[in-house]
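These are the residues of each chain, in order.
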Amino acid sequence: MSETSGSVAERFEQLYGAAPDGVWAAPGRVNLIGEHTDYNDGFVMPFALPHTAVAGVSRRDDGVLRLHSADVSGPVVELTVDALAPESDKRWTAYPAGVVWALREAGHAVTGADIHLASTVPAGAGLSSSAALEVVVALALNDLFGLALRGWQLARLCQRAENVYVGAPVGIMDQTASACCEPGHALFLDTRDLSQRQIPFDLAAEGMRLLVVDTRVKHSHSEGEYGKRRAGCEKGAALLGVDALRDVPFGELDAALKRLGDEEEVRRLVRHVVTEDARVERVVRLLESGDTRAIGPVLVEGHASLRDDFRVSCPELDLVVDTAVAAGALGARMTGGGFGGSAIVLAEEADVAAVTKAVEEAFAAAGFKTPRVFEAVPSAGARRVR
Ligand code: ADP
Ligand code: MG
């Protein structure tokens, strides 16, 4: 599922006249559980996909940055590292250029590069093609310029690139997942202090499969709704006198809801975030005690909370979850921000074909676009491949 490093190196040589100094790969991700918790200082639990962005990169010392993507038509884009400025670029090149900008702004002497990349992470499906792009470039520059930054530090710089240079208000999950995940594991990440733990999640070894169902829809109001949810969570934290909703313990949820009185909208948001953090902790306990199948109902509960309390689901995502569970899946839920994008389905290996068929038939019957269904094997984080 990854671009071959050989074909990327070959194309690099055609474009720039010499072989690259090296080739690096960084994956997309799906979030197993912990949705809309990252901007509340809470817990998330992503794992890396086998799909990766692959980059051939050579170091330059003359201040020139040259960028090319196999997935976007057009010639090599040439920039000057000194002239990089936030929100000046509306093209795809803002992601890699933003990483160079963020590294330089943090005081790292990155003096230019030639970059060619190709990605198998579907763009805009909620699987974090943007973080894969950022992290692969950050890791390559880290190695080529001897920066000795750790994965979580690269993730922070990539987040800064996307927040400030690209201008997208994203949390820290995607970049950390792409930089730090390990094969056969999910990453339990505390988004407050970035402490992390690798949690065993080797489904194949236990006779299970995890499917990603990309609904191939993105409802247009998603960005405005995201902003409203964020603002509502901040209001909830302020009303409860805490820094972030993460600070409301699950055991004190009822009391907190009482204190919010008739703020019905805020109460729902608070209930989702606090119960979702608790669900992440439950999933961690279940996986660490080897009770993998028991996470199924927790995923379904998480979906109901996102649908009914946080209100970020949509008919397509609900249909995936309802159909998959009715067809015998162990559990399912929407993943990512919502209003479209992808859902995940956990199923016994023997049930995968029937569950997939049921979802495809239900989509056809509802008149929805044909969904893209693929298996997600928990895979490696960013690494040098050549
Ligand atoms: P997601 O991260 O969920 O896939 P985003 O909107 O955050 O969606 O990022 C998608 C953007 O990332 C694309 O519009 C494009 O600018 C950039 N991108 C992703 N993959 C590639 C690629 N292979 N080549 C060039 N740009 C890419
Ligand atoms: Mg993204």
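None of the values given here were measured: they were computed from a predicted structure. (Residues numbered from 1 in each chain as written. Chains lettered and ligands numbered in written order. Predicted model: local features only at pLDDT ≥ 70, side-chain atom pairs only at ≥ 80, totals over all residues. Heavy atoms only, no water.)

Observations concerning the overall build of the protein chain
Helix and strand counts for the protein chain stand at eleven helices and 13 strands. A compact globule built from 386 residues would reach a C-alpha radius of gyration of about 21 Å, and the protein chain, at 21 Å, matches this within 12%. By its C-alpha atoms, the protein chain is 60 × 50 × 40 Å across when sized along the principal axes. In the protein chain, which comprises 386 residues, the share counted as buried stands at 58%. Restricting the contact set of the protein chain to residue pairs at least 6 apart, pairs at least 24 apart contribute 72%. (Helix = DSSP H or I, 4+ residues; strand = E, 2+ residues; numbered from the N terminus. Rg over C-alpha atoms; globule rule 2.2 N^0.38 Å. Buried < 20%, exposed > 50% of the residue type's maximum accessible area, 1.4 Å probe, protein only. Contact = heavy atoms within 4.5 Å.)

Let's talk about the nonpolar core
In this structure, Leu32, Met45 and Leu65 are the most contacted members of the largest nonpolar core, which totals 79 residues. Top contributing element to this core by residue count: helix H3 (residues 129–144), with ten residues. Residues from two domains meet in this core; each of domain 1 (5–198 + 380–384) and domain 2 (201–375) gives at least three. Filtering out sequence-adjacent residues up to four positions away, Leu65 remains in contact with Val77, Glu78, Leu79, Val81, Leu84, Ala97, Val100, Ala113 and Ile115. (Core = buried A, V, L, I, M, F, W, Y, C linked by side-chain atoms within 4.5 Å. Domains from an automatic or database assignment.)

Some thoughts on the domain arrangement of the protein chain
By a widespread convention, an interface's size corresponds to the accessible area lost as its parts come together. Partitioning the protein chain into domains gives domain 1 (5–198 + 380–384) and domain 2 (201–375). Computed over C-alpha atoms only, the centres of domain 1 and domain 2 are separated by 26 Å. Each side of the interface is counted separately: domain 1 has 29 residues, and domain 2 has 41 residues. Between domain 1 and domain 2 the total buried area reaches about 3000 Å² when both faces are included, carbon and sulfur atoms providing 63% of it. On the domain 1 side of the interface with domain 2, the three residues burying the most area are Ile33, His36 and Tyr39, jointly 22% of the side's total. For the pair domain 1 and domain 2, the interface holds four salt bridges. Our count for the contact surface shared by domain 1 and domain 2 stands at 20 residue pairs in polar contact (both at pLDDT 80 or more). Mapped onto the side of domain 1 that touches domain 2, the elements with two or more residues apiece are strand E1 (22–31), strand E2 (43–44), strand E3 (46–59) and strand E7 (185–190). (Buried area = accessible area lost by both parts, 1.4 Å probe. Salt bridge = Lys/Arg side-chain N within 4 Å of Asp/Glu carboxyl O. Polar contact = N/O pair within 3.5 Å; in protein donor to acceptor, adjacent residues only side chain to side chain.)

Quick notes on the pairing of strand E10 (residues 331–335)
With five of five residues buried, E10 is to be regarded as a mostly interior element. The pairing of E10 with strand E11 (residues 340–348) spans five bridges and is antiparallel. Directly across from Thr335, in E11, lies its bridge partner Ser342. (Pairing = 2+ DSSP bridges.)

A look at the packing of helix H2 (residues 94–105) against helix H4 (residues 151–166)
Two measures define how a pair of helices packs: the angle their axes make with one another and the distance between the axes. Two elements in contact, H2 and H4, have axes separated by 8 Å at closest approach and are oriented at 110°. Viewed along their axes, H2 and H4 adopt a mutual orientation that is roughly perpendicular. Of the two elements, H2 crosses H4, and the hand of that crossing is right-handed. Contacts between H2 and H4 pair Ala94, Tyr95, Ala97, Gly98, Val99, Trp101, Ala102, Leu103 and Glu105 from the former with Leu157, Cys158, Arg160, Ala161, Glu162, Val164, Tyr165 and Val166 from the latter. The class makeup of the residues in the contact of H2 with H4 is 13 nonpolar, one polar and three charged. (Axes fitted to C-alpha atoms, helices over the stretch in contact; angles between N-to-C directions. Parallel < 35°, antiparallel > 145°, perpendicular 65-115°, else oblique. Left-handed = near helix turned anticlockwise from the far one by under 90°. Nonpolar A, V, L, I, M, F, W, Y, C, P; charged D, E, K, R; others polar.)

Some points on the pairing of E1
Burial analysis of E1 places ten of its ten residues in the buried class, which makes it a mostly covered element. Across nine bridges, E1 lies against E3 in antiparallel orientation. Looking at the pairing, Ala25 lines up with Val54 of E3. Sheet analysis places E1 next to strand E13 (residues 383–384), joined by two bridges and oriented antiparallel. Across the sheet, Trp24 pairs through a bridge with Arg384, a residue of E13.

Remarks on the sheet that holds E2
Strand order across the open sheet formed by three strands is E2-E7-E8, with antiparallel pairing between neighbours. Because the sheet does not close on itself, it has two edges, and the strands there are E2 and strand E8 (196–200). Across two bridges, the pairing between E2 and E7 is antiparallel. Bridging across to E7, Phe43 finds its partner in Asp190.

A few points about the site of ligand 1
Around ligand 1, the surrounding shell holds 16 residues, and the nearest of these are Ser69, Asp71, Gly124, Ser129 and Ser130. Between a nitrogen atom of ligand 1 and a side-chain N or O atom of Asp71, the distance comes to 2.6 Å. A distance of 2.6 Å separates an oxygen atom of ligand 1 from a polar side-chain atom of Ser129. Its free accessible area being 570 Å², ligand 1 has 73% of it covered by the protein chains. Elements with a contribution of two residues or more to the shell around ligand 1: strand E6 (113–119) and H3. In terms of residues, the shell around ligand 1 owes the most to one element, H3, which gives three residues. For the shell around ligand 1, the residue count by class is eight nonpolar, seven polar and one charged. (Near = heavy atom within 4 Å. Areas by Shrake-Rupley, 256 points an atom, 1.4 Å probe, with all protein chains shown as cover.)

Remarks on the packing of aromatic side chains
Throughout the structure, instances matching the rule amount to six aromatic pairs. A centroid spacing of 4.7 Å and a plane angle of 55° characterise the contact between Phe12 and Tyr16, whose relative ring orientation is tilted. Here Phe12 pairs with Tyr16, and both are found in helix H1 (residues 5–16), just four residues apart, close to one helical turn. On the basis of relative accessible area, Tyr16 is assigned to the buried category, the value being 11%. Here the aromatic rings of Trp101 and Tyr165 are separated by 5.8 Å at their centres, their planes lie at 45°, and the arrangement is tilted. (Phe/Tyr/Trp six-rings, centres within 6.5 Å; stacked < 30°, edge-to-face > 60°.)

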